[in-house]
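Structure at a glance
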Amino acid sequence: MNCPRCGGILENGDRFCSWCGFSLPAVPDVQPAPAPAPAPAPASYAQPVPAPAPSPAPYVQPQVSPEPKPYGIEQNTSVQYPRVEIIPKKKLSAACIIGFAVAVFSLVIFIAAFTWSSIDHSSSVYTVLGFTFFISLFLFMVSMAFSIAGLVIARKKKKKGWGFALAGLIISSLGIAGAIVFIILIGIIAGAVIAIFGSAMEGRYTGDTVVKDDYKVVMRSDSDESDAMAITWYWDGNPDHNTIKPGTVGDGTVITSLGGPPSGFMGGMYYFDIQPSDDLTNYMDTSSFRSSPAYYSGFSIEETPEYFGIYEDVTVTFEDLVFYVDLGEDVGNVLMSIDYNSYLSYIGIKNDDGSYSLYHYCFYFTCDKDNPAYYAKDGVLYSRETGEKVTGMHIYDGSPLNYARFDPGRVIPPTGSSSSGGDDLLSYGNGSEHISLWTYSMDVPLIVRQYMEINPAFAEQYTVDFTIIETNGGKYQDRLDQALVSGGSTSPDIYVVDSGFAYKYTQGDFAPYAAAYEDLGIDVDNKVSEAEIAPYVLDMGTYNGKIVGLSYESASGAMIYRASIAREVFGTDDPEEIEEIIGAGSGSWTKFLEAAEELGNEGYHIVSTTDDLWYVVKEDSSRPWIEDGELVIAPETDDYMDISKILVDNDWTSDGIGWTADWYSDMSGATEQNAFCFFGPSWFFEYILKFNAGGDFESGQGTYGDWRICRPPVGFSWGGTWLLANRYTDNPDGVAELLEWMTLDCSETGCQYLHANGKLINNAQCAVPSNTVMRMIDWDSDCCGGQQLASVFADCNSYASCKNLTPYDEQIDGYWNDAVDSYVSGYEDRDEAINDFKQNVYDNIAF
């Protein structure tokens with residue numbers, strides 16, 4: 001549902017728009033009864049004929065008294081006096097009443113407009129206010145004209161009614177004077193109000209507007225340059241440079257406000273916004289797009305040239321861009337320049353290859369725990385005084401930003417090509433027998449293509465048709481659910497599920513649609529034993545004692561640490577010795593916290609953020625969230641709250657946020673207190689940490705080459721995909737052949753061996769679920785100083801677990817982390833945070 005004022009999307013049936021503050025009227029419980037139907041016309045209807053008007057009486061000359069009349073009226077004119085008297089009587093009534101009524105009406109709308117403007121301070125209100133003032137000013141003048149006319153006639157003829165005229169004249173005169181005074185003095189009044197009540201806006205900034213570092217700032221005054229208000233941040237166009245941290249600019253000036261205070265004669269507001277830097281020559285203004293018909297009807301390929309100046313064979317990619325705003329301790333006022341249609345705001349960049357990237361942006365807020373004005377929770381800014389969310393800003397809520405139409409990273413085909421209703425359709429093979437495979441990425445199609453190259457006989461017999469659907473907003477699950485229930489030709493033979501929602505299809509409501517591998521003819525027990533499949537993969541993929549899903553990649557996690565810091569603090573960087581120091585495999589965090597203290601004494605943080613520990617703790621939980629219909633907090637999960645508190649209170653963590661610029665900076669060693677370790681699977685090491693380490697093995701720049709990997713204190717997994725077969729497939733033999741090769745084949749031509757050696761996807765080596773294969777490969781990483789990684793990840797495979805999962809984990813996890821953040825930040829005590837967590841679960845989840 002959309003807000004009727006700004007068009008913003010109202011989530012979950014909300015009737016209050018958080019973007020513009022508009023409240024929808026309450027829906028009546030009972031609909032009004034329909035108007036009664038009109039009575040039927042009579043069968044025979046005759047138009048009544050009005051009676052003829054009586055003829056005027058003949059004019060009779062009135063008799064005139066011979067006595068002389070007063071006022072000098074002569075006999076031959078006295079007959080006209082009554083007729084002359086009627087006209088001013090009507091004029092008097094009309095003038096007096098109209099003058100008074102218009103004056104009262106003008107006064108009412110004048111007061112209403114003034115009251116409205118004092119309550120709502122949006123720009124649209126001030127526009128209507130100004131228009132209303134001028135209309136009321138005009139009406140006051142009209143009222144004055146009629147009142148004066150009525151008063152003159154009344155006084156001249158000494159008739160009653162002049163009181164109305166006089167009242168209208170007084171009201172209209174006062175109204176005109178009030179409107180003129182208001183228009184003249186509004187700036188002075190606004191300035192005085194700000195001067196008196198403007199402490200929340202950090203005072204009145206009247207100094208020079210200058211550029212300092214990457215900010216355009218307004219100094220507090222010409223004579224006081226101790227602090228400034230930032231009104232613009234200049235972006236260089238690099239999506240990785242997305243951290244806005246005002247703090248202290250180069251010359252020592254402290255930025256204490258991001259927009260806010262009025263300035264100038266009319267008291268106009270300054271808004272903090274983002275603009276391209278001067279050297280960003282490939283910046284593309286997309287403001288015209290937001291006002292185009294595409295805004296209402298949805299973007300289409302045909303509209304690309306008209307609204308963006310982009311023509312045939314040019315690729316347009318819509319991407320999400322979160323700007324992380326760190327208010328620190330000093331920024332006490334925030335007024336962002338985001339309009340009501342902010343969810344459609346884009347920043348356009350023309351890339352070197354001629355393609356275009358349209359960045360859909362919003363803000364994720366953080367601030368110091370000592371900030372007196374605000375605190376931040378999950379990127380949302382709250383007033384410390386009231387505890388209420390600061391509205392009027394486009395805040396990142398963890399979901400895809402493209403609320404309106406677009407999917408992040410979605411490539412719009414060049415003009416003239418076809419689109420398939422939001423799905424990517426792809427086929428490999430030339431066989432007459434078709435296998436339908438549904439997935440949400442290109443990984444599995446690339447793997448299947450590799451199998452066909454290795455086994456041309458399969459390609460001659462089968463054609464594999466892929467349907468690729470993005471997972472945004474649950475679209476993949478919704479479509480898959482519908483297809484499985486519908487069955488027939490619309491239902492896939494093979495479908496891929498991610499760890500985030502795999503439980504639903506392997507053990508939850510949709511598990512009955514999955515075929516057991518053994519029912520497809522696969523010798524599962526012997527193959528699993530031969531391959532030594534990681535236990536956590538079996539945990540997730542088992543339904544009623546039978547395997548219904550397996551994976552081709554391993555997501556078992558390790559601890560990845562800085563060798564140079566280990567040598568400085570512990571005197572060694574040897575993985576086996578570090579495992580002893582941090583208590584690897586112990587299932588306890590005691591030794592890890594002791595190591596954190598040692599690192600802290602030397603000025604290092606053991607982790608970048610407590611978020612780094614959550615996936616470890618989550619997968620180690622000895623009990624699920626829900627048992628026998630009751631909410632349960634496992635001991636390990638409960639301990640996580642205390643561990644997080646200890647790390648933050650002792651400054652043993654950077655107190656950052658995962659997936660932000662500061663987090664990446666800890667990986668590259670660019671921060672003052674570098675983080676010692678991160679936790680993650682091989683995909684995290686290859687695609688996240690290794691990519692952000694900076695430099696290379698030879699250059700010595702960044703932290704590349706300074707990392708080592710060992711087992712974590714607690715076994716865990718993070719991510720992964722499972723391959724399932726439809727129990728109603730028409731091609732069980734072809735499906736079984738593909739699944740067995742991808743998940744259980746341990747030969748040197750098997751999928752797992754090729755994947756572990758970097759022969760399948762992005763030429764990157766990757767851990768796989770088969771420990772048999774992990775012992776077959778050679779994996780020395782130059783990012784880890786030449787360390788052999790295969791045996792480490794094989795050990796991690798052995799004790800990661802996925803036993804205690806529920807269909808509600810994702811939502812409950814979010815509520816729990818909210819509670820932890822609230823407790824760690826000091827906003828609530830431990831019991832309050834836990835009680836709020838429980839209340840959120842019971843209020844929002846039915847189980």
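Residues numbered from 1 in each chain as written. Predicted model: local features only at pLDDT ≥ 70, side-chain atom pairs only at ≥ 80, totals over all residues. Heavy atoms only, no water.

1. Digging into the environment of Ser173
Short version of the rule: Labels follow the DSSP assignment, with helices taken as runs of H or I lasting at least four residues and strands as runs of E lasting at least two, numbered in each case from the N terminus.
Among the structural elements, Ser173 can be located in helix H3 (residues 162–197). Residues Ser173 and Met144 lie 29 residues apart in sequence; the distance between their C-alpha atoms is 6.9 Å.

2. Topic: the packing of helix H18 (residues 661–668) against helix H19 (residues 682–692)
Quick reminder of the rule: Only the contacting stretch of a helix is used when fitting its axis, a line to C-alpha atoms as for every element, and angles between N-to-C directions run 0 to 180 degrees. Any angle that is under 35 degrees is reported as roughly parallel, and any over 145 degrees as roughly antiparallel; angles of 65 to 115 degrees are reported as roughly perpendicular and all others as oblique. It only takes one pair of heavy atoms within 4.5 Å for two residues to be counted as in contact.
Where H18 meets H19, the axes come as close as 7 Å, and the angle between the chain directions of the two elements is 85°. By the angle class used here, H18 and H19 are roughly perpendicular. Contact with H18, carried on its side by Trp663, Tyr664, Met667 and Ser668, involves Phe684, Ile688, Leu689 and Asn692 of H19 and no other residues of that element.

3. Quick look at a negative patch on the surface
How we decide: Patches in this entry comprise residues that are over 30% relatively accessible and not in a salt bridge; like charges within 9 Å are linked, as are nonpolar side chains (Val, Leu, Ile, Met, Phe, Trp, Tyr) within 5 Å. Note on areas: Shrake-Rupley with a 1.4 Å probe; residue coverage comes only from the protein chains shown. Salt bridge, as used here, is a side-chain nitrogen of Lys or Arg placed within 4 Å of a carboxyl oxygen of Asp or Glu. Asp and Glu are treated as the negative residues and Lys and Arg as the positive ones, with His and the ends of the chain left uncounted. To locate a charge, take atom NZ for lysine, CZ for arginine, CG for aspartate or CD for glutamate. Residue exposure (1.4 Å probe, protein chains only): buried if accessible area is under 20% of the type maximum, exposed if over 50%, otherwise partly exposed.
Where like charges cluster on the molecular surface, the negative patch consists of Asp213, Asp214, Asp236, Asp278 and Asp279. Position of Asp279 relative to the elements: it lies in the loop between strand S8 (273–276) and strand S9 (283–284). Looking at Asp279, the relative accessible area reads 62%, which means it is exposed.

4. Details of the packing of aromatic side chains
Counted only if it meets this: When the centres of two rings from Phe, Tyr and Trp lie within 6.5 Å, Trp using its six-membered ring, the rings pair. Their planes under 30 degrees apart give stacked, over 60 give edge-to-face, and anything left gives tilted. Think of it as a cone above the ring: NZ of Lys or CZ of Arg counts as a charge over the ring if it is within 6 Å of the ring centre and within 35 degrees of the ring normal.
Summed over the entire model, instances satisfying the criterion amount to 40 aromatic pairs. Relative to Tyr382, the ring of Tyr375 has its centre 5.2 Å away and its plane inclined at 10°; by these criteria the two rings are stacked. Look at Tyr375 and you get buried, because its relative accessible area is 8%. Summarising the aromatic geometry, the rings of Trp779 and Phe793 are spaced 5.6 Å apart at their centres and angled 15° between planes, so their arrangement reads as stacked. A residue pair is termed long-range when its members are at least 10 positions apart, and Trp779 in the loop between helix H22 (771–774) and strand S31 (780–781) and Phe793 in helix H23 (residues 790–799) qualify at 14 residues. In this pair, the class of Trp779 matches that of Phe793, namely buried. Through pairs of rings, three or more aromatic residues link up here, namely Tyr615, Trp659, Trp663, Tyr664, Phe678, Trp683, Phe684, Trp707 and Trp718. When the ring centre of Tyr823 is taken as reference, the NZ or CZ atom of Lys645 above it lies at 5.0 Å.

5. Here's the deal with helix H9 (residues 475–486)
Put simply, the rule is: In a helix, the anticipated span is given by 1.5 Å times the number of residues less one.
Its twelve residues give H9 an end-to-end C-alpha distance of 17 Å, which sits within 8% of 16 Å, the value for a rise of 1.5 Å per residue. For H9, the set of buried residues is Tyr476, Gln477, Leu480, Asp481, Ala483 and Leu484. Backbone geometry just after H9 places Gly487 at a positive phi near 70°.

6. Some points on the sheet that holds strand S25 (residues 605–607)
Short version of the rule: DSSP-based pairing: two strands are paired if at least 2 bridges between them are found.
Pairing is mixed across the open sheet formed by four strands, whose spatial order is S25-S28-S24-S29. Across the chains shown, the open sheet's two edge strands, defined by having one partner strand only, are S25 and strand S29 (707–710). Neighbour-to-neighbour, the strand axes of this sheet turn through a mean angle of 20°, independent of strand direction. Across the face of the sheet, H23 comes into contact with strand S24 (558–562), strand S28 (675–680) and S29 while running at roughly 35° to S29.

7. Focus: the packing of helix H24 (residues 809–824) against helix H25 (residues 830–844)
To keep things clear, this is the line we draw: Each helix crossing is assigned a hand: it is left-handed if the near helix lies turned anticlockwise from the far helix by less than a right angle, otherwise right-handed if that turn is clockwise. Ten residues, namely Ala, Val, Leu, Ile, Met, Phe, Trp, Tyr, Cys and Pro, are considered nonpolar, four, namely Asp, Glu, Lys and Arg, are considered charged, and the remaining ones, Gly among them, are considered polar.
Relative orientation of the contacting elements H24 and H25 amounts to 160°, with a least axis distance of 9 Å. Classified by the interaxial angle, the pair formed by H24 and H25 is roughly antiparallel. By crossing handedness, the relation of H24 to H25 is classed as right-handed. Residue-level inspection shows Gln811, Ile812, Tyr815, Trp816, Ala819 and Tyr823 of H24 in contact with H25, the latter providing Arg830, Ala833, Ile834, Phe837, Asn840, Val841 and Asn844. Residue classes in the contact of H24 with H25 are distributed as nine nonpolar, three polar and one charged.

8. Here we look at the confidence of the model for the protein
Basically, it comes down to this: Confidence scores labelled pLDDT are given residue by residue by the predictor and lie between 0 and 100.
Considering every residue of the protein, the mean pLDDT works out to 75; 65% of them sit at 70 or more. When the elements of the protein are averaged for pLDDT, helix H5 (residues 294–297) gives the smallest value, 29, and strand S23 (residues 549–550) the largest, 98.

9. Looking at the pattern of salt bridges
A full pass over the atoms with the stated rule returns 17 salt bridges. Lys645 is the salt-bridge partner of Asp649, the closest N and O atoms lying 3.7 Å from each other. Of the two residues, Asp649 and Lys645 are both situated in helix H17 (residues 635–649); the distance of four residues between them amounts to about one turn of the helix. Residue classification places Asp649 among the partly exposed positions, given a relative accessible area of 45%. We note a salt bridge from Glu686 to Lys690, for which the minimum N-O separation is 3.5 Å.

10. Structural notes on the environment of Gln765
Cut-off, in case you're wondering: Each polar contact in these results corresponds to two N or O atoms within 3.5 Å; when the atoms are within protein, one needs to be able to donate a hydrogen and the other to accept it, and residues that are neighboring in sequence are counted only if both atoms are side-chain atoms.
Along the chain, the position of Gln765 falls in the loop between helix H21 (751–756) and H22. Placed 14 residues apart in sequence, Gln765 and Trp779 show a C-alpha to C-alpha distance of 7.5 Å. Excluding residues that lie within four positions of it along the chain, Gln765 makes contacts with Glu686, His755, Ala756, Asn757, Gly758, Asp778 and Trp779. At 3.4 Å, the side chain of Gln765 and the backbone oxygen of Asp778 are in polar contact.

11. Brief notes about H19
Considered for burial, the residues of H19 that qualify are Ser682, Phe684, Phe685, Glu686, Ile688 and Leu689. Buried residues along H19 sit against S24, H18, S28, S29, S31 and H23. Just past H19, the residue Gly694 takes up positive phi, approximately 85°.

12. Overview of the environment of Cys783
Here Cys783 is to be found in the loop between S31 and strand S32 (787–788). When the C-alpha positions of Cys783 and Asp706 are compared, they lie 6.7 Å apart, and in sequence the two are 77 residues distant. Once you skip the residues sitting within four places of it in the chain, Cys783 turns out to touch Phe685, Lys690, Tyr704, Gly705, Asp706 and Trp707.

13. Observations concerning unusual backbone geometry
One non-glycine residue, Glu532, adopts positive backbone phi at about 55°. With respect to the helices and strands, the residue Glu532 is situated in the loop between helix H11 (524–531) and helix H12 (535–541). In this model, Asp651 sits at a positive phi of 60°, which is unusual for a non-glycine residue. By secondary structure assignment, the location of Asp651 is in the loop between H17 and H18. Asp651 sits in the partly exposed class, given a relative accessible area of 43%.

14. Digging into the nonpolar core
Worth spelling out the cut-off: To define a nonpolar core, start from buried Ala, Val, Leu, Ile, Met, Phe, Trp, Tyr and Cys residues and group those joined through side-chain atoms within 4.5 Å.
The biggest cluster of nonpolar side chains holds 147 residues, and the ones touching the most others in it are Tyr495, Met559, Phe592, Ile606, Phe676 and Phe679. When neighbours within four sequence positions are excluded, Met559 is seen to be in contact with Ile578, Ile582, Phe592, Phe676, Cys677, Phe678, Phe679, Arg708, Ile709, Cys710, Arg711 and Pro712. Core analysis: the second largest hydrophobic core is formed by 31 residues, Val331, Ile347, Tyr361 and Phe363 among them.

15. Examining the side chain of Asp539
If you trace the backbone, Asp539 turns up in helix H12. Asp539 gets classed as buried once you look at its relative accessible area, which sits at 18%. Not counting residues up to four positions away in its chain, the partners in contact with Asp539 are Gln507, Ser801, Cys802 and Lys803.

16. Some words on the side chain of Asp666
Turning to its location among the elements, Asp666 is positioned in helix H18. Put simply, Asp666 is tucked away with no salt bridge, and the nearest opposite charge, on Arg562, sits 7.4 Å away. One polar contact links Asp666 to Ser654, side chain to side chain, over a distance of 3.1 Å. Filtering out sequence-adjacent residues up to four positions away, Asp666 remains in contact with Ser608, Ser654, Thr671, Gln673, Asn674, Ala675 and Phe678.

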